[in-house]
Structure formats: structure tokens, C-alpha cells
Amino acid sequence: MLRKLKSQLLVAVVALGACGIAPAADVIGAGSSFVYPVMAKWSADYRAVAQTRINYQAIGSGGGIAQIKARTVDFGASDKPLDSAELAAANLVQFPLVIGGVVPVVNVAGVTPGGIRFNGTVLADIFRGQIKRWNDAAIVALNPGVSLPDQAITVVHRSDGSGTTFNFTNYLAKVSGEWKTKAGEGITVRWPVGIGGKGNEGVAAYVKQIKGGIGYVELTYALQSKLGYALMQNAAGEFVAPNEESFQAAADSAEWDKAQDFNLVITNAPGAKAWPIAATVFVMMSKQPKNAENAKAALAYFDWVFANGAAQASALHYVSLPAKVQAQAKAHWTAALKY
Amino acid sequence: MQETLIAAAERRASRDARHDRSFRWMLAGAGLFVLLALGGAALSMLWGGREAFATFGLDFITSSNWDAIGQQFGAWVPIYGTLVTAAIAMLIAIPVSFGIALFLTEVAPTWMRTPVGTAIELLAGIPSIIYGMWGLFVFVPMLAEHVYPWVDANLGQWPIVGSLFAGPPLGIGTLTAGLVLAIMVVPFISSVMRDVFLTVPTRLKESAYALGSTRWEVVWDVVLPYTRSAVIGGIFLGLGRALGETMAVTFVLGNAHELSTSLLMPGNSIAATIANEFAEADTDLYRSSLIALGFLLFVVTFIVLAVAKLMLRQLAKREGS
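Rules of the game
Residues numbered from 1 in each chain as written. Chains lettered and ligands numbered in written order. Predicted model: local features only at pLDDT ≥ 70, side-chain atom pairs only at ≥ 80, totals over all residues. Contact = placed C-beta atoms within 7 Å. Helix = DSSP H or I, 4+ residues; strand = E, 2+ residues; numbered from the N terminus. Nonpolar A, V, L, I, M, F, W, Y, C, P; charged D, E, K, R; others polar. Buried ≥ 20, exposed ≤ 12 C-beta atoms within 10 Å, placed from the backbone. pLDDT = per-residue confidence, 0-100. Expected span 1.5 Å × (residues − 1). Bend = angle between axes of the 7 residues up to and from the residue. Core = buried A, V, L, I, M, F, W, Y, C linked by C-beta atoms within 7 Å.

Asks: Help me understand the interface of chain B and chain A, please; the structure alone is not making it clear to me.
Replies: Many descriptions give the size of an interface as the accessible area lost when the pieces come together. Taken together, the contact pairs 23 residues of chain B with 26 residues of chain A. Of all the secondary-structure elements, those providing two or more residues to the side of chain B that touches chain A are α6 (128-153) and α12 (270-277) of chain B. At three residues, the largest contribution of residues to the side of chain B that touches chain A is made by α6(B). Here the side of chain B that touches chain A is composed, by residue class, of 13 nonpolar, six polar and four charged.

What follows is the structure, given as C-alpha cells:
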């Protein structure tokens, strides 16, 4: 697959090189499919102002990391940060780009969007098969006034490896020791129960088909599918709804300045209004790129995204980084990347 | 004069011989190409999967533990799922295809034969992802609401086989995948069967009718024995597709690495596992395990076909033909 991709990239590069009137630069990026919609929008808008074509391939976070390590692309994008040792070993620099969020969706008769409340432990207990029915005392206790049926819970998770799963299981592992030891966190885990859908759209479709189903998807898919979704109790004890404001609050309250190389997952963030399962997309770039001109053009593009990309992001239910985190990211890449 | 004629004839003969030789080499090359492609594909997958085989040994096949975090990989769940879904598909598809082919060649009025035959060939051309989407959005809700609750309440209570049919009516699971596969392979098998049934000489059939045979007797005692090996070839074609089908199965199988006796519960298949997990397989051992899984699909298909060929040979021997 990777080899095929490489050859495709090669073909693309050759083809672009062959046509003489190409724009000033052709930047190639690869990775997270979660960020693809907004990346495509930004690229289109940026091309109009800067004559730089951004060619982003949504091959998955793992693929993006592998590609930037091999320096076959100008930047990689991942939903999961690399730690300092791994970055140093591959001579990479990492910074956050944009924020999204993962939302638990349910298919229970009478539960509207935002019509059910969970906390971290209950969510973890549902996903590890400990809580089996919708009228379990633990769920009822969080939802006074909501009539929950005596119906079996069917867990739906991702069947493919995914940054969405990484952020979701990272949160469950933070709030539940049982989850941490039994299932763990990662882009794919050993699910104790449930069935697997391919992609966000697969999980949404399964939850929609199965009465009593519960799954987790990006906010856009939760809104599009019109499924019932949950309010979550965050680390400060407040119940919050998944929206731009609560994602931003999560990014704001996370302690970015203490995280070396931005190696920070902002789930279970401490802010009073913070959505507990917020997710960050990270960009990785090489300190010694094969094509310094392209790398420079990529940085100019990210600079433009930080300054002008907020409206496009929020139209697609992403959230741009808080100003202070943008400043930190910019300072970081200016110091570390000398082209 | 005569010498020039002889010389011309000799030239001609040697040219013919040369052409014949090169033609033979071309044919041999075409035949060898198949062997090389097959051997190359199998060996490169074995090579890619060597790390998994070396790490887990025989456990890779017998263990049902598939854990990407703990880096423990056992392929029994997908192997089992592949075999069971293909078995369900063939159990349904063979009799149905047989019925379709017989109807079209023996029973249907002549004006109906061509349109129905063409429709079957068109069905064979539908991409598998369409079957998958149709399965998930149309077939699954129907099964979950109207069929599986009844199956669970009735068949699920039977002794011994009951456990196969008991379980919550999710609609997504091994049985659904088998049913969708059956629908997918019916066009393959029935169009082959129809074509070979048409090759049976009318004289043979009419002789049987003249001796007072019923339609069933003609089909069973004349048409089938005459076309047996081609019919079995068509069945293998369908079986091959059922074993390797990826997208349609991924949509309706549930993709859970969980071994369960009930056919109503979700499972996994080899092809679906590879398609789902390859893009994000982040360690060498993980990737190697998925490639090893591909090699096992090769082996499973090979064993199934070999067993079938052996059975065919036994059958031929018993009939003394």
C-alpha cells in the first residue's frame, strides 16, 4: 500500500514537473483523514491568494507519519502526537494545527441530540460491556427525568485504525483504570465488546441501524446523521455539550506550554467549559527536507491558515487553535526549522 | 527448375518449423506466466508475513486473540469467519443457481430466456460495494426487524443447532454476510450452469423424454451427468469469489474479533480484516501479521479447491468414466 502510494506520489510529481506553467510551488502532505475536509477547503482558498498548490493525501495518521519519516512528503499530519524521542530520532518537528472533537452518539427511542448525559466512568463501563442495558442504575442516576428503555446496549466502534479511536480511548483510559488495564489506548484497541464499522460514516450508519446502539464519531458526523448525542461531564464536574465553544475551551485550558514538543493529548482537559474528548491534529515536518523550497512554502501556508483559516474551520465544525497556542506553535517552528 | 521448387519447399518447411517453434514458446510463456504470477504472489506474501509466522508459530492460526496494543496476533477468528460465511453462501447459492439455470434452459418459454439470461449477467457485473451498501441500508434493517427476531425465538430454541441461531437481532453478523454473499455469487454460478446446460445435445434429452422420463429425471440423469465437471467449475468460481470478497462483507459482517457460536453475532473475515486495518497498521509485526493473513487466505482457498478436486476425482472413479 505504501509502496503503491509512493509510486503514485512519484507519478504526481513527475506529471506536475512536466507541465511547464505549474504554480510557484507544489507542497505535498499526507496523513490524518480527520483533517481532510478542512485541509481541502484551506488549500483551495490559499491557492487563490498565494499560487501555492497544497496536495494533501488523506491516507491515515499512521501512513502520514511513515511518509514524513521517509521524507517523501513535505509535511505529515496525525491525530496522535509523537513523543520527543521519536521526533528526535526521525529529525522531525511537530506542532498542533486545528482542533475537533469526538462525540458519543446513541440510538435510543426518545433520546434527542444532547438528550442524555454520561460521565467518563459510565462511558467506559458501557464500552467495556460492564453496563449492559439502557436502564442500568448508573445511567439512570445521571439522567433524572429521561425515560430509558429496558433495552440491550450494542457498542459500535471503529473497525479500522483511527485517530478518532486514539482520542476516544485515550480519554477512557484517563478516567477509568479498568479501561486502561483491560483495553488500553491506541489507534486500534482490543475491544471487549461490540461491532466494528469502517470509518466515521460506518459507525454512524451502524448506530442508526441498531436499536440500542452507542458509538463515537466526529462532531460533523453526529450532526449530519441526526443521531442522539450525549452531554459529557468534564473534569471540572460540569455537563457540557459538544460544540465549537467547548472544543475551544478544551484547547484553551490544556497546558501546552508544559508539554515538550507539543506532545499533549487534550482529552479530559481541566477547564470548566471544556469538552472532555477534544482532539488535536498535529503537523510533522522534517528539519532536513528533500526540498527546502517546498518546506518553506508549507510553513507559509500554515502561517496563512493560523491567520485566515478560522471561518472555514468553524463552517466544517472544526475549531482553530487559541491565539496563544498559535503563537507558541509559530515560535516553535521558527526556532526549530531553519530552511 | 525442379531444384528451385525443392529449395522453395524446403525454405517453406523450415520457415513453418520456425513459426511453429516460436508459437510454442509463446504459448508456453503464457502458461508459465500464470504459474510465475501465482508463485510470486504466494511467496512474496509468505516473505512479508515471515515475521508474524516466526513470532507466533502455529499459534498464529489457532489463537483467536487479535490485540494490536499487546502486539498479539492470532488469525482464528477471521479464518473461521471466512469459512463460515462462504459455506452459508454456497449452501444457498448452489440450489438457487441450479434452479435458475434449469428454469432458463428447460422450463421457461423461449421469449423469456434471453432477457432473464442477460439480467443475470448484468447482476454479475455490479460492483461489490453496491451490494455492501444495499446490504447495510436495506437488507440489514429488514432482517433485524422481521426475520432475526423470529429466528431467535424459534430456531434458537432447537436442541444442539439452537445455539447457532440464538442471539440479539442486530441484523449485522455472520449470517447476514453469508446471505449477501449468496446473492452475489448466484449470478456467477447460474450463468455458467445455464451456458453448459445449453451444450447438452437435444438428441440425448429427447431420447430420455421418448422413454417416458419426467423433466426431473431428464435433468438429474441426463443433463447433470453430461455437464458435471463444468457445473462444478462454475461452483468453484462462485466459491472463490465468496472466500475473497471484501467490501460487501465488511459492510455487514460487524468486523468484531470475537469468536461466537451464534451466526446472528458479528464476526470477521480475512479479507475484511486486511482491508480495515492495513492503512493504520503502525508496527512491523502488525503489518506482517496482516500480510501473513493474506497468505493464509491463499492457503485456505488452495485447500478448499484441492479437496473439491479430489472429491471430483473420486466421483469420476466410482462411475468408471
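Asks: I would appreciate a short explanation of helix α5 (residues 120-127) of chain A in the present structure.
Replies: Turn by turn, an α-helix covers 3.6 residues, leaving residues three or four places apart pointing in a common direction. Residue and element names in this part refer to chain A. With seven of eight residues buried, α5 lies mostly within the body of the structure. Along α5, the residues classified as buried are Gly120, Val122, Leu123, Ala124, Asp125, Ile126 and Phe127. One or two positions beyond α5, positive phi appears at Gly129, with a value near 80°.

Asks: What am I meant to see in the confidence of the model for chain A here?
Replies: Any region with low pLDDT has predicted coordinates that should not be read closely. Taken residue by residue, chain A gives an average pLDDT of 88. The fraction at 70 or more is 93%. Every residue in residues 9-23 of chain A is under pLDDT 50, and counting partners more than four places away or in other chains gives eight contacts.

Asks: What's the story with unusual backbone geometry in this structure? I'm lost.
Replies: For residues that are not glycine, phi is negative in most cases, and the peptide bond is trans in most cases. Residue and element names in this part refer to chain B. Its identity is not glycine, yet Gln71 carries a phi of approximately 55°, on the positive side. Within the fold, Gln71 resides in the loop between β1 (66-67) and β2 (72-73). The phi dihedral of Ile160 is positive, around 60°, even though this residue is not glycine. For Ile160, the location among the structural elements is in the loop between α6 and α7 (162-165). A tally of 6 C-beta atoms within 10 Å means that Ile160 is categorised as exposed.

Asks: Sorry, what's going on with α6(B) here?
Replies: Taking 1.5 Å of rise per residue, 26 residues should cover 38 Å, yet α6(B) covers just 32 Å from first to last C-alpha, more than 12% shy of that figure. Along α6(B), the sharpest kink reaches roughly 50°, centred on Ala144(B). Listing the buried residues of α6(B) in full gives Tyr131(B), Gly132(B), Gly135(B), Leu136(B), Phe139(B), Val140(B), Leu143(B), Ala144(B) and Tyr148(B). Buried residues in α6(B) make contact with α9 (199-209) of chain A together with α8 (174-197) and α11 (247-253) of chain B.

Asks: What should I look at first to understand the environment of Phe197(B) in this one?
Replies: Residues and elements named next belong to chain B. Relative to the helices and strands, Phe197 is located in helix α8. Residues Phe197 and Ala242 lie 45 residues apart in sequence; the distance between their C-alpha atoms is 23 Å. In this view, Phe197 contacts Ala101, Thr105, Val223 and Thr227; residues no more than four positions away in its chain are not counted.

Asks: Quick question: what am I supposed to make of the nonpolar core here?
Replies: A general feature of soluble globular proteins is that nonpolar side chains tend to end up buried together. Residues Val105(A), Ala250(A), Ala251(A), Ala278(A), Leu181(B) and Val185(B) are the most contacted members of the largest nonpolar core, which totals 177 residues. Look past the residues within four positions of Ala278(A) in its chain and what remains in contact with it is Ile99(A), Gly101(A), Phe247(A), Ala250(A), Ala251(A), Ile266(A), Thr267(A) and Ala269(A).

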